[in-house]
Amino acid sequence: MFIFANVNVGCMNNVLEIFNLTKRFGSLTAVDNLSFQVQKGNVYGLLGPNGSGKSTTLGMLLTSINPTSGDWKWFDNTSHEDALKRIGATIERPNFYPYLNATQNLLITAKIKGVPASNIDKNLELVGLLDRKKDKFSTYSLGMKQRLAIASAMLNDPEVLILDEPTNGLDPMGIIQIRDIISSIATKGTTIILASHLLDEVEKVCSHVIVLRNGKSLYSGEVNGMTNSKPYFELSAADMTSLKAALQQIGGMTIGTQHGDVVRVDYEGNMTPESLNRMLFDKGVVLSHLIKKKNSLETQFLELVKK
Amino acid sequence: MKKLLQLEWLKIYNYKTARIFIILYCFFLFGLILLGTQKFKLGTMEVDLVGQGIFNYPQLWNFTTYFTAIIKIFLAFIIITTVVNEFQNRTFKQNIIDGLTKKEFLASKVLTIVILSAVSTILVFIFSLIFGAKYNTVPNPEYKFAEVGLIVAYFFKLVAFLMLCLLFSILIRKSAFTFVLLFLWWFVEGILGGIEKWMRLKDVLADDGKSIQFVTDYLPLSAMSNSIPAPIGRLNIVKTILQPGSDVIQRVPWEFVLASAGYAIVFVILSYVILKKRDW
């Protein structure tokens, strides 16, 4: 039996490399000397507060905004315009011809991307719009418009999918639908770049993040490596005083903030929830709540941005 | 090119406003020429345009092209609304992101303009032939096609005007303001022309105003307008009063036709520069 290993050989797997990209609007520097790489098959979150340069960066990569300086490289040095035919992208707001129906709108996209019209129904089905394909775009809800934008971006089976704030302004149901669609696309191995200011959204679907602030990259890499924060425990017991006393006896434990009757406990070295539970039980403390947790992306992000 | 034509077809054919305006335009084109065959009363005076020789060869070409060119504003409306819509709906940006180059986008609009103008030109040509066959009152016209060159002038006049509309639409991206700018431009050209004519009044008087050339005649809208000379002086009634027996053949003012064509190219280049330089 042969096993084909997916060997990670440096830049071999980069689908996108950005070098010192800068965009100035008058005196405002929207994107400031930005460099990062995107590797094949990963889901990237482009993270940052509003106005941090996410959309401007994507706009430049998609040739709708002219960079002030710097450059980027798609795939194997394909020209910027040719590369677009291998990419699918949605921008802040879904943009379609309001007087055309879904099929007609996607027909225009298909013509531009040079893909057969037979791809249309397949992708409308992917986003659950097949039964509304004969309805005019102007009659769609925002959630449906966003889903049509994703169908349009997926029309050419792109190697890279770029989504700019795909859940902006959607209701919880719409957000879940979009998130499910993104997850199902990600499992097919499509590289995804997802720009968002919604941290839990990025946390749920992304393996890598690029954090932007004022047009500068603060971090670029795996979600887990963003800060070298360790896991911690959240504990609760009927008798909190004896719980805290027992923790102090164990040693190497730092009792942190208490929210309600749940206390945060940081520890040194390695410790599994089982061993902690056993130690506390031996000391006569019965836990009613025990969770081993990692810092949420939100905390990590705030930590990073605060620096 | 086939791709660009298909794209434009998808965009315009299904756009109800554009479709209505194209149908209205063809209808008015025919109606306007048909109007020339009607006798009607103007106060106490009976007007018989056929009797005035508007369908006589060869001046028929001058009359049809001159008057039908007036309703090119319908075509302008189609170009302006469809182009402005691309920016208002931000579909231009989406087209670019989907992989259409700015050059291709512009080319698709230029193609639309050339095709609309060509269709209009062909219609005017056919209508002229039909009405000429029926209403020409000159027996055995010798110079039947002597002025057919005005049809060519008509084509370039339309193309140049619509390219100006395209440029302004891309520049302004709002239909109402685009029309305002067109009107302003026309107004400014009129004023400049008036100033030049006033300042050179003594040349005009010395020269009978015949062969004198004005620089402002070559301003874009003036050049387009001068591509087809006004045929009013060729009505029989005017001929008998002012220039008895003057049955001259109207020369096609190729210098203005060429200027219009030149402007059309300049407008396309400027449109491209705006599309390229601006951030979308």
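These figures come from a predicted structure and were not determined experimentally. (Residues numbered from 1 in each chain as written. Chains lettered and ligands numbered in written order. Predicted model: local features only at pLDDT ≥ 70, side-chain atom pairs only at ≥ 80, totals over all residues. Heavy atoms only, no water.)

K.L.:
I'd like to hear about the overall build of chain B, residue by residue, with values.
P.N.:
Scanning chain B for helices and strands turns up 12 helices and two strands. Starting at the N terminus, the α and β elements of chain B follow one another as α-α-β-β-α-α-α-α-α-α-α-α-α-α. In terms of overall dimensions, chain B has a C-alpha envelope of 65 × 45 × 35 Å along the principal axes. Of the contacts made within chain B by residues no fewer than 6 positions apart, 80% connect residues no fewer than 24 positions apart. (Helix = DSSP H or I, 4+ residues; strand = E, 2+ residues; numbered from the N terminus. Contact = heavy atoms within 4.5 Å.)

K.L.:
Account for the overall build of chain A, with residues named and values stated.
P.N.:
Looking only at helices and strands, chain A features 10 helices and 13 strands. Per-residue burial over chain A gives 49% buried out of 307 residues. Summed over all atoms, the accessible surface of chain A reaches about 14600 Å², with 51% contributed by carbon and sulfur. One way to put it: in chain A the 32 positive side-chain charges average out to a point 3 Å from where the 30 negative ones average out. (Buried < 20%, exposed > 50% of the residue type's maximum accessible area, 1.4 Å probe, protein only. Areas by Shrake-Rupley, 256 points an atom, 1.4 Å probe, with all protein chains shown as cover. Lys, Arg positive; Asp, Glu negative; His and termini not counted. Charge placed at Lys NZ, Arg CZ, Asp CG, Glu CD.)

K.L.:
Before we move on, could you go through the interface of chain B and chain A and cite the residues and values that matter?
P.N.:
The interface is formed by 26 residues belonging to chain B together with 28 residues belonging to chain A. Here chain B packs against chain A, burying approximately 2700 Å² in sum over the two surfaces, 53% of which is carbon and sulfur. Viewed at the interface, chain A and chain B are joined by two salt bridges. One salt bridge connects Asp279(B) with Lys23(A), and the closest N-O pair in it is separated by 2.8 Å. Where the side of chain B that touches chain A is concerned, the elements lending two or more residues are helix 1 (2-13), helix 5 (91-97) and helix 12 (254-277) of chain B. A total of six residues in the side of chain B that touches chain A trace back to one element, the largest contributor, which is helix 5 of chain B. Tallied by class, the residues present in the side of chain B that touches chain A amount to seven nonpolar, eight polar and 11 charged. (Buried area = accessible area lost by both parts, 1.4 Å probe. Salt bridge = Lys/Arg side-chain N within 4 Å of Asp/Glu carboxyl O. Nonpolar A, V, L, I, M, F, W, Y, C, P; charged D, E, K, R; others polar.)

K.L.:
Help me get a handle on the environment of Val43(A), residues and values and all.
P.N.:
All names here are of chain A. For Val43, the position within the fold is in strand 3 (residues 43-47). On the basis of relative accessible area, Val43 is assigned to the buried category, the value being 7%. Along the sequence, Val43 and Gly252 sit 209 residues apart, while their C-alpha atoms lie 37 Å from each other. Residues contacting Val43, with those up to four places away along its chain left out, are Ala186, Ile192, Val205, Cys206, Ser207 and His208.

K.L.:
I'd love a proper account of helix 1 of chain B, names of residues and values included.
P.N.:
Between its first and last C-alpha, helix 1 of chain B extends 16 Å over 12 residues, near the 16 Å set by a 1.5 Å rise per residue. Of the positions making up helix 1 of chain B, those classed as buried are Leu4(B), Leu7(B), Glu8(B), Leu10(B), Lys11(B) and Ile12(B). In this structure, the buried side of helix 1 of chain B is in contact with helix 3 (102-113) of chain A together with helix 2 (16-35), helix 4 (72-88), helix 5 and helix 6 (102-135) of chain B. (Expected span 1.5 Å × (residues − 1).)

K.L.:
Now, about the sheet that holds strand 8 (residues 208-213) of chain A: what can you tell me, with residues and values included?
P.N.:
All names here are of chain A. Taken in spatial order, the six strands line up as 5-6-7-3-8-9 in an open sheet, and their pairing is mixed. The two strands at the open ends of the sheet, each matched to only one other strand, are strand 5 (87-90) and strand 9 (216-222). For this sheet, the mean inter-axis angle between neighbouring strands, taken without regard to orientation, is 10 degrees. Across four bridges, strand 3 lies against strand 8 in parallel orientation. Within strand 8, the residue paired with Tyr44 across the bridge is His208. Across the sheet, helix 1 (residues 54-61) touches strand 3, strand 6 (160-164), strand 7 (191-196) and strand 8, and the angle it forms with strand 7 is around 140 degrees. Against the sheet, helix 6 (residues 172-187) touches strand 3, strand 6 and strand 7, its axis set at about 150 degrees to strand 7. (Pairing = 2+ DSSP bridges. Axes fitted to C-alpha atoms, helices over the stretch in contact; angles between N-to-C directions.)

K.L.:
Account for the confidence of the model for chain A, with residues named and values stated.
P.N.:
Residue and element names in this part refer to chain A. Residues with a pLDDT of 70 or more make up 95% of chain A, whose mean pLDDT is 87. The least confident element of chain A is helix 10 (residues 297-306), whose mean pLDDT is 74; the most confident is helix 3, at 96. pLDDT under 50 marks residues 1-11. Its contacts with residues more than four places away, or in other chains, come to six contacts. (pLDDT = per-residue confidence, 0-100.)

K.L.:
Hey, could you go over a nonpolar patch on the surface for me, with residue numbers and the actual values?
P.N.:
Residues and elements named next belong to chain B. On the surface, Phe183, Trp186, Phe187, Val188, Ile191, Leu192, Ile195, Trp198, Met199, Leu201 and Leu205 cluster together to form a nonpolar patch covering roughly 1200 Å² of accessible area. Listed by contribution, the elements that provide at least two residues to the nonpolar patch are helix 8 (175-199) and helix 9 (201-206). Here Ile191 is to be found in helix 8. Ile191 gets classed as partly exposed once you look at its relative accessible area, which sits at 43%. (Patch = residues over 30% accessible without salt bridge, like charges linked within 9 Å, V, L, I, M, F, W, Y side chains within 5 Å.)

K.L.:
So what's going on with the sheet that holds strand 1 (residues 14-25) of chain A? Which residues, and what values?
P.N.:
Residues and elements named next belong to chain A. Strand order in the open sheet made by the three strands is 2-1-4, with antiparallel pairing throughout. Unpaired on one side and paired on the other, strand 2 (28-39) and strand 4 (69-74) mark the two borders of the sheet. Here the strands of the sheet are splayed against their neighbours by 10 degrees on average, with no regard to which way each runs. Alignment of strand 1 against strand 4, held across five bridges, turns out to be antiparallel. Bridging from a neighbouring strand, Phe19 pairs with Asp71 of strand 4.

K.L.:
I'd love a proper account of the packing of helix 3 of chain A against helix 5 (residues 142-154) of chain A, names of residues and values included.
P.N.:
Residues and elements named next belong to chain A. Where helix 3 meets helix 5, the axes come as close as 9 Å, and the angle between the chain directions of the two elements is 30 degrees. Taken as axis vectors, helix 3 and helix 5 run roughly parallel relative to one another. Of the two possible hands of crossing, helix 3 and helix 5 adopt the one that is right-handed. Contacts between helix 3 and helix 5 involve Ala102, Leu106, Thr109 and Lys113 from the first element and Leu148, Ala151, Ser152 and Ala153 from the second. Here the contact of helix 3 with helix 5 is built from residues that sort into five nonpolar, two polar and one charged. (Parallel < 35°, antiparallel > 145°, perpendicular 65-115°, else oblique. Left-handed = near helix turned anticlockwise from the far one by under 90°.)

K.L.:
So, unusual backbone geometry: which residues are in play, and what are the values?
P.N.:
Glycine aside, the phi torsion of most residues is negative, and most peptide linkages are trans. At the junction of Tyr57(B) and Pro58(B), the peptide bond is cis and its omega measures out at -5 degrees in the coordinates. With respect to the helices and strands, the residue Pro58(B) is situated in the loop between strand 2 (45-48) and helix 3 (60-68). The phi dihedral of Asn214(A) falls on the positive side, at around 50 degrees, and the residue is not glycine. Here Asn214(A) is to be found in the loop between strand 8 and strand 9. Positive phi outside glycine occurs at Arg173(B), with the angle close to 65 degrees. With respect to the helices and strands, Arg173(B) occurs in the loop between helix 7 (149-172) and helix 8. Owing to a relative accessible area of 29%, Arg173(B) belongs among the partly exposed residues under this scheme.

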